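Understanding the architecture of this molecule
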Amino acid sequence: MKKIINWFKEYGYYYKIHFIIGAFALLMAVIITIQVVTKVDYDIYVTYLGPIAHNTDSLDSIEKAMISTLDDDLKKEVKEISIRDIVYLNTELFSESRDNDMFVSATSNSDAVKLLNNEIAVGDSYIYIIDKEQYDKIKLTGALSKLSDVLTDVPSYADVYGIPLKKTPFGQSFACFANYREDMILCLRANTADSAVSALKGSETVQAEFDLHRKVFESIVNYIPEK
């Protein structure tokens, strides 16, 4: 028995680096397997940028509100919605908070804008609910779809590229939007299927993603509350 123990000690001494590498590889394999098994495949990606910091329950409520606007056929395609929540104070809110001795961070605000611009440039989100101050800047870049190109009927109160969320029946019908400001704009990112960035995914894949988001966007805009 002692010889066997000594053999393992010697083996472990000379091959301990192999044991360490093997253990690390096993740990990584377990972590990757867990991530793959638990990973959620989202069908629709939405980005919010505004003054409200949502909790998990409020984000779930928004997702359920969006899904409730879909017809039966579209619900078969849309099972999971991911909402990216970015907190941002526009110039008015930032000044008000500072004047009232509330802590505000210009750096955090700047980082929020960078996150939004990065999402629009290379992210997965197509549907956006954003503060009008940033909407007014983004619409000048050509990054948003013209509503007349993606909607059969454009609401009379809409801008060329966006719609005030609180003026829509959708924005007025669900409690999760009750605390939203009147200047939050609902808009759709432009189709990027022909862009160089989309070449990595493939133009057909990106086109299919855009088409699905456009259908959901139109369902949200055309939502009619149940009586």
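Predicted model, so just to flag it, every value in this text is computed and none were measured. (Residues numbered from 1 in each chain as written. Predicted model: local features only at pLDDT ≥ 70, side-chain atom pairs only at ≥ 80, totals over all residues. Heavy atoms only, no water.)

1. What about the side chain of Thr47?
For Thr47, the position within the fold is in strand β1 (residues 44–50). Of the residues examined, Thr47 reaches a relative accessible area of 0% and is grouped as buried. Looking at Thr47, its side chain comes within polar contact range of the side chain of Ser125, at 2.7 Å. For Thr47, the residues in contact, after removing those within four places along its chain, are Arg84, Ile86, Leu116, Glu119, Ser125, Ile127, Tyr128 and Ile129. (Helix = DSSP H or I, 4+ residues; strand = E, 2+ residues; numbered from the N terminus. Buried < 20%, exposed > 50% of the residue type's maximum accessible area, 1.4 Å probe, protein only. Polar contact = N/O pair within 3.5 Å; in protein donor to acceptor, adjacent residues only side chain to side chain. Contact = heavy atoms within 4.5 Å.)

2. Concerning the sheet that holds strand β5 (residues 184–188)
Sheet strands line up and pair through hydrogen bonds in the backbone, either parallel or antiparallel. Taken in spatial order, the five strands line up as β2-β1-β3-β5-β4 in an open sheet, and their pairing is mixed. Strands at the two margins of the open sheet, each flanked by one partner only, are β2 (81–87) and β4 (162–164). Ignoring strand direction, the axes of neighbouring strands in this sheet form an average angle of 20°. Sitting on the sheet, helix α3 (residues 56–67) is in contact with β1, β2 and β3 (127–131), with an inclination near 130° to β2. (Pairing = 2+ DSSP bridges. Axes fitted to C-alpha atoms, helices over the stretch in contact; angles between N-to-C directions.)

3. Some details on the packing of aromatic side chains
Scanning all chains against the criterion turns up eight aromatic pairs. Centre to centre, the rings of Tyr48 and Tyr180 are 5.5 Å apart; their planes meet at 50°, and the pair counts as tilted. You can see Tyr48 sitting in strand β1 and its partner Tyr180 sitting in the loop between α9 (169–173) and β5, a full 132 residues away along the chain. For Tyr48, a relative accessible area of 2% corresponds to the buried category. Relative accessible area serves as the criterion here: at 6%, Tyr180 is assigned to the buried category. Residues Phe170 and Phe177 carry aromatic rings whose centres are separated by 5.1 Å and whose planes lie at 55° to one another, so their mutual orientation is tilted. In this structure Phe170 comes out as buried when scored by relative accessible area, which is 1%. Following the ring pairs from residue to residue traces out a cluster consisting of Tyr48, Phe170, Phe174, Phe177, Tyr180 and Tyr223. Arg189 extends its terminal NZ or CZ atom over the ring of Tyr126, reaching a point 4.2 Å from the ring centre. (Phe/Tyr/Trp six-rings, centres within 6.5 Å; stacked < 30°, edge-to-face > 60°. Lys NZ or Arg CZ within 6 Å of the ring centre and 35° of its normal.)

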